[in-house]
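Okay, here's what each chain looks like letter by letter:
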Amino acid sequence: DGGITQSPKYLFRKEGQNVTLSCEQNLNHDAMYWYRQDPGQGLRLIYYSQIVNDFQKGDIAEGYSVSREKKESFPLTVTSAQKNPTAFYLCASKLLYGRRNQPQHFGDGTRLSIL
Amino acid sequence: ELKVEQNPLFLSMQEGKNYTIYCNYSTTSDRLYWYRQDPGKSLESLFVLLSNGAVKQEGRLMASLDTKARLSTLHITAAVHDLSATYFCAKRETGANSKLTFGKGITLSVRP
């Protein structure tokens, strides 16, 4: 079955530690996105990538970094510079070419907490 | 800057009754999306509305788009408990990028 896999489901971060959240998709989608969701809030865009080896900052990129070395993978690193990382992180992907009116498809999310 | 507003943010619904929730946005771009999220879960796509006057229906939910009023509505017919969830609308920004801006979501709770 095609889909988006995020791992781990739960992650704990210590002070001063960088952690990396994995996002893999086998949908052959062109674009991938990282969102942060806080309680009672909508989704806020962290980074997105529309093509391999290229990515753009979203609305809240500070304290985060990404890479897009392969079409299937878009890992997100939460650095120690992100002072309030506790949140639910959602990865999404979308087909940009061909059937372009398709929505973004979402993974099951990673819940990150501070130890 | 594109702004997307949803209201109300919380709605308690009685089973069997009809309700409408709203999504307002600040630009005249096309393409509006509705998503559903169950507590602690991911987002599930419900509707993609492509242009002015678009109407889509799935079961008890019907979504419509009025680009002149910059408004989308989600109408719920004869609410049932299974519809309890948070509903997000999202708008595609103008230009070549594929960014979406999400509203804060409307949490619906259906009571007997």
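Residues numbered from 1 in each chain as written. Chains lettered and ligands numbered in written order. Predicted model: local features only at pLDDT ≥ 70, side-chain atom pairs only at ≥ 80, totals over all residues. Heavy atoms only, no water.

(A) Representation of the packing of aromatic side chains. Using the criterion set out here, one finds 10 aromatic pairs over all chains in the structure. Between Tyr33 of chain A and Tyr48 of chain A, the ring centres sit 6.2 Å apart and the planes meet at 10 degrees, which makes this aromatic pair stacked. With Tyr33 of chain A in strand 4 (residues 31-37) and Tyr48 of chain A in strand 5 (residues 43-51), the pair connects residues that are 15 residues apart, well separated along the chain. Comparing Tyr33 of chain A with Tyr48 of chain A, the two get one shared label, buried. Ring centres of Phe88 of chain B and Phe102 of chain B lie 6.5 Å apart, and the angle between their planes is 80 degrees; this geometry places the pair in the edge-to-face category. (Phe/Tyr/Trp six-rings, centres within 6.5 Å; stacked < 30°, edge-to-face > 60°. Helix = DSSP H or I, 4+ residues; strand = E, 2+ residues; numbered from the N terminus. Buried < 20%, exposed > 50% of the residue type's maximum accessible area, 1.4 Å probe, protein only.)

(B) Here's a closer look at a nonpolar patch on the surface. Residue and element names in this part refer to chain A. Taken together, the side chains of Tyr10, Phe12 and Leu115 present a nonpolar region at the surface, about 380 Å² in accessible area. In this fold, Tyr10 is placed in strand 2 (residues 10-13). Residue classification places Tyr10 among the exposed positions, given a relative accessible area of 53%. (Patch = residues over 30% accessible without salt bridge, like charges linked within 9 Å, V, L, I, M, F, W, Y side chains within 5 Å. Areas by Shrake-Rupley, 256 points an atom, 1.4 Å probe, with all protein chains shown as cover. Salt bridge = Lys/Arg side-chain N within 4 Å of Asp/Glu carboxyl O.)

(C) Inspection of the sheet that holds strand 3 (residues 19-25) of chain B at higher detail. Residues and elements named next belong to chain B. Overall, antiparallel pairing links the 5 strands, which are arranged 1-3-8-7-6 in an open sheet. Pairing within the sheet leaves two strands with one partner each, and these edge strands are strand 1 (4-7) and strand 6 (55-58). Going across the sheet, the axis of each strand differs from the next one's by a mean of 15 degrees, ignoring polarity. Bridging between strand 6 and strand 7 (residues 61-66) involves 4 bridges; their strand directions are antiparallel. Considered in strand 7, the bridge of Lys56 is made with Ala63. (Pairing = 2+ DSSP bridges. Axes fitted to C-alpha atoms, helices over the stretch in contact; angles between N-to-C directions.)

(D) Spatial organisation of the sheet that holds strand 7 (residues 64-66) of chain A. All names here are of chain A. Ordered by their spatial adjacency, 4 strands build an open sheet running 1-3-8-7, and the pairing between neighbours is antiparallel. The strands lining the two open edges of the sheet, one partner per strand, are strand 1 (4-7) and strand 7. Each neighbouring strand pair of the sheet contributes to a mean axis angle of 20 degrees, computed without reference to strand direction. For strand 7 and strand 8 (residues 76-78), the ladder comprises 3 bridges, and the chain directions are antiparallel. Bridge pairing links Ser65 to Thr77 in strand 8.

(E) Representation of the pairing of strand 5 (residues 43-49) of chain B in the model. Residues and elements named next belong to chain B. Here strand 4 (residues 32-37) runs beside strand 5; their pairing, made up of 6 bridges, is antiparallel. Across the sheet, the residue bridging to Arg36 is Glu44, located in strand 5. Between strand 4 and the antiparallel strand that follows it, strand 5, lie 5 residues; Gly40 among them carries a positive phi value of about 75 degrees.

This is a description of form; function is not addressed.
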